[in-house]
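# Structure at a glance
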Amino acid sequence: MKDMKQDIRKFSAPQLKAWFTEHKEQGFRAKQVHEWLWKKSAQSFEQMTNLSLSTRDLLNTHFEIRPLTVDQQQRSNDGTIKSSFRLFDGNLVEGVLIPALRNDDRGDGPSDRMTACVSSQVGCSLTCKFCATGYMDRKRNLDAAEIYDQVVAIDRQAKEHYDAPLSNIVYMGMGEPLLNYKNVLESIDRITSPDGLGMSPKRITVSTAGIAKMIRQLGDDEVKFNLALSLHAANDLKRDQIMPINESNTLEVLGDALSYFYKKTGTRITFEYILFYNFNDTLQDAQELWKFTKRVPAKVNIIEYNPIAEANFKNTDPKTLDRFADFLESKGVIVNVRRSRGKDIDAACGQLAGKK
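Residues numbered from 1 in each chain as written. Predicted model: local features only at pLDDT ≥ 70, side-chain atom pairs only at ≥ 80, totals over all residues. Heavy atoms only, no water.

### Some words on the sheet that holds strand S9 (residues 168-171)
Counted only if it meets this: Each pair of strands is called paired provided DSSP finds at least two bridges between the two strands. Counting from the N terminus, the helices are the DSSP runs of H or I reaching at least four residues and the strands are the DSSP runs of E reaching at least two. Throughout, an axis means a line fitted to C-alpha atoms (over the contacting stretch in the case of helices), and angles, computed between N-to-C directions, take values from 0 to 180 degrees.
Across the sheet, 10 strands lie side by side as S3-S4-S5-S6-S9-S10-S11-S12-S13-S14; this open sheet has mixed pairing. With partners counted over all chains shown, the strands left at the sheet margins are strand S3 (69-75) and strand S14 (334-338), one partner each. Mean inter-strand twist for the sheet, computed between neighbouring axes without regard to direction, equals 20°. Pairing analysis gives three bridges linking S9 to strand S10 (residues 204-208), with the strands arranged parallel.

### As for the packing of helix H6 (residues 212-220) against helix H8 (residues 251-265)
The relative placement of two packed helices comes down to the angle between their axes together with the axis-to-axis distance. Applicable threshold: Working definition: roughly parallel below 35 degrees, roughly antiparallel above 145 degrees, roughly perpendicular at 65 to 115 degrees, and oblique for all remaining angles. Here, residues are in contact when the closest pair of their heavy atoms is within 4.5 Å. For this classification, Asp, Glu, Lys and Arg are treated as charged, while Ala, Val, Leu, Ile, Met, Phe, Trp, Tyr, Cys and Pro are nonpolar and the rest, including Gly, are polar.
Put simply, H6 and H8 touch, their axes get as near as 8 Å, and they point 10° apart. Between H6 and H8, the angle falls in the class roughly parallel. Contact residues: Ala-212, Ile-215, Arg-216, Leu-218, Gly-219 and Asp-220 in H6; Val-253, Leu-254, Asp-256, Ala-257, Leu-258, Tyr-260, Phe-261, Lys-264 and Thr-265 in H8. Split into classes, the residues belonging to the contact of H6 with H8 amount to nine nonpolar, two polar and four charged.

### Topic: the domain arrangement of the protein
Worth spelling out the cut-off: Boundaries of every domain are those given by an automatic assignment or by a domain database. Summed over both partners, the accessible surface that disappears when two parts come together, traced with a 1.4 Å probe, is what is meant by buried area. Any Lys or Arg side-chain nitrogen found within 4 Å of a carboxyl oxygen on Asp or Glu counts as a salt bridge. Polar contacts here mean pairs of N or O atoms no more than 3.5 Å apart (in protein, one a potential hydrogen donor and the other a potential acceptor; neighbouring residues in sequence count only if both atoms are side-chain atoms).
When the domains of the protein are assigned, the result is domain 1 (6-64) and domain 2 (69-338). Between the C-alpha centres of domain 1 and domain 2 there is a distance of 35 Å. In this complex, domain 1 contributes 10 residues to the contact, which on the side of domain 2 involves 11 residues. For the domain 1 and domain 2 pair, buried surface summed over both sides reaches about 920 Å², with 43% attributable to carbon and sulfur atoms. Among the residues domain 1 hides against domain 2, the three largest losses belong to Arg-9, Trp-38 and Lys-39. Together they make up 59% of the total. Along the contact surface separating domain 1 from domain 2 lie two salt bridges. Of the charged contacts in the structure, one is a salt bridge between Arg-9 and Asp-149, with a shortest N-O distance of 2.8 Å. On the surface where domain 1 and domain 2 come into contact, there are seven residue pairs in polar contact (both at pLDDT 80 or more). With three residues, the single largest contributor to the side of domain 1 that touches domain 2 is helix H2 (residues 28-38).

### Remarks on the environment of Ile-191
Put simply, the test is: Working definition: with a 1.4 Å probe on protein chains only, accessible area under 20% of the residue-type maximum means buried, over 50% means exposed, and in between means partly exposed.
Mapped onto the fold, Ile-191 is located in helix H5 (residues 181-192). Judged by relative accessible area, which is 0%, Ile-191 ranks as buried. On a C-alpha basis, the gap between Ile-191 and Lys-39 in space is 8.8 Å, while along the polypeptide they are 152 residues apart. Dropping the residues within four chain positions of it, Ile-191 is found in contact with Tyr-148, Val-151, Ile-169, Tyr-171, Leu-197, Gly-198, Met-199 and Ile-204.

### Comments concerning H5
Quick reminder of the rule: To estimate the expected span of a helix, count its residues, drop one, and scale the result by 1.5 Å.
Taking 1.5 Å per residue as the helical rise, H5 with its 12 residues ought to reach 16 Å, and the 16 Å between its terminal C-alpha atoms agrees with that figure. Along H5, the positions that sit buried rather than exposed are Tyr-181, Asn-183, Val-184, Leu-185, Ser-187, Ile-188, Arg-190, Ile-191 and Thr-192. Looking at the packing, one finds that the buried side of H5 touches H2, strand S8 (140-141), helix H4 (144-162), S9, S10 and H6.

### Overview of the pairing of strand S11 (residues 226-230)
Definition in use: Clockwise travel from the first strand over the helix to the second, with the strands pointing away from the viewer, marks a crossover as right-handed.
Of all five residues making up S11, five are buried, and the element is well covered by its neighbours. Of the two faces of S11, the one carrying Asn-226, Ala-228 and Ser-230 and the one carrying Leu-227 and Leu-229 are both buried. For S10 and S11, the ladder comprises four bridges, and the chain directions are parallel. Residue pairing across strands places Val-206 opposite Leu-227, the latter belonging to S11. One crossover worth recording links S10 to the parallel S11 by way of H6, and it is right-handed. Pairing analysis gives three bridges linking S11 to strand S12 (residues 269-274), with the strands arranged parallel. Each residue of the ladder has a partner; that of Ser-230, found in S12, is Glu-272.

Structure, rendered in structure tokens:
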């Protein structure tokens with residue numbers, strides 16, 4: 001398959017420079033192309049107007065750009081926009097624009113964030129019992145450019161619909177980011193680099209179900225972005241029931257990994273905790289969560305459960321939620337209650353499944 005075109009976005013700037021030199025083109029062309037790809041988000045060589053026609057033809061002969069496209073788009077009553085993105089090989093993933101988030105009704109003021117929730121895999125292999133994506137097979141990892149393209153597309157939506165750019169990115173869509181470690185970190189590099197989109201890494205949060213080995217690797221790599229752990233139970237017996245990954249990554253192992261991450265990065269952890277009715281919503285559960293938060297500087301996001309057809313979990317009642325949150329706050333824990341957005345279009349947390 002010698003004549004097969006290569007994906008140019010898999011080439012680094014030095015590799016591009018070497019390629020141009022080999023083809024008797026000036027080396028600075030590599031910098032121009034790199035800028036078009038990652039700073040200007042070009043989707044074709046025809047858009048690279050500061051290159052000569054012959055250079056563009058040469059690139060077209062040897063390379064291709066594989067941008068994702070918006071397959072379908074839905075808008076929620078609350079303004080959330082969910083998109084299904086079609087990849088070059090026909091697979092679909094979903095991403096969400098969550099506009100103008102307001103904090104919960106416990107007294108915190110409004111916020112004007114524009115958040116992109118992006119996917120890192122087609123499907124997922126972790127089978128969390130409350131998550132729609134967990135009932136899909138994992139087909140493949142997304143490459144860095146496919147994650148980057150989601151951010152570009154959702155940023156375009158934010159500007160088009162709300163006249164505002166993205167302010168935050170969360171890797172909380174389909175898939176487990178730390179099982180696609182290399183591509184996720186490369187995508188963040190493209191998004192944060194001055195030669196890319198130039199977003200601050202402190203505006204990016206990567207969420208994991210808890211892969212202890214890779215959490216330690218994040219510490220070794222001294223990453224600058226934020227880390228969130230989908231916890232949902234601070235008791236191994238309960239967590240085993242809803243998150244099979246806990247059987248090989250117990251709370252003790254995760255706690256040690258998180259402590260290591262904090263020691264290496266100085267970044268406070270976010271614990272995500274869905275309150276399921278009559279499962280993990282008692283004061284005993286709150287006390288176990290409080291004890292776990294003492295292992296590392298952290299805050300807790302209490303998340304409203306979003307029902308899915310595949311599972312029988314229910315959201316806890318408002319009084320129980322308030323009692324749970326009040327207990328944590330009485331112990332000095334920073335608590336945010338996150339109300340769901342986009343439930344009516346299956347765009348809320350745990351509902352992404354690539355449905356038509």
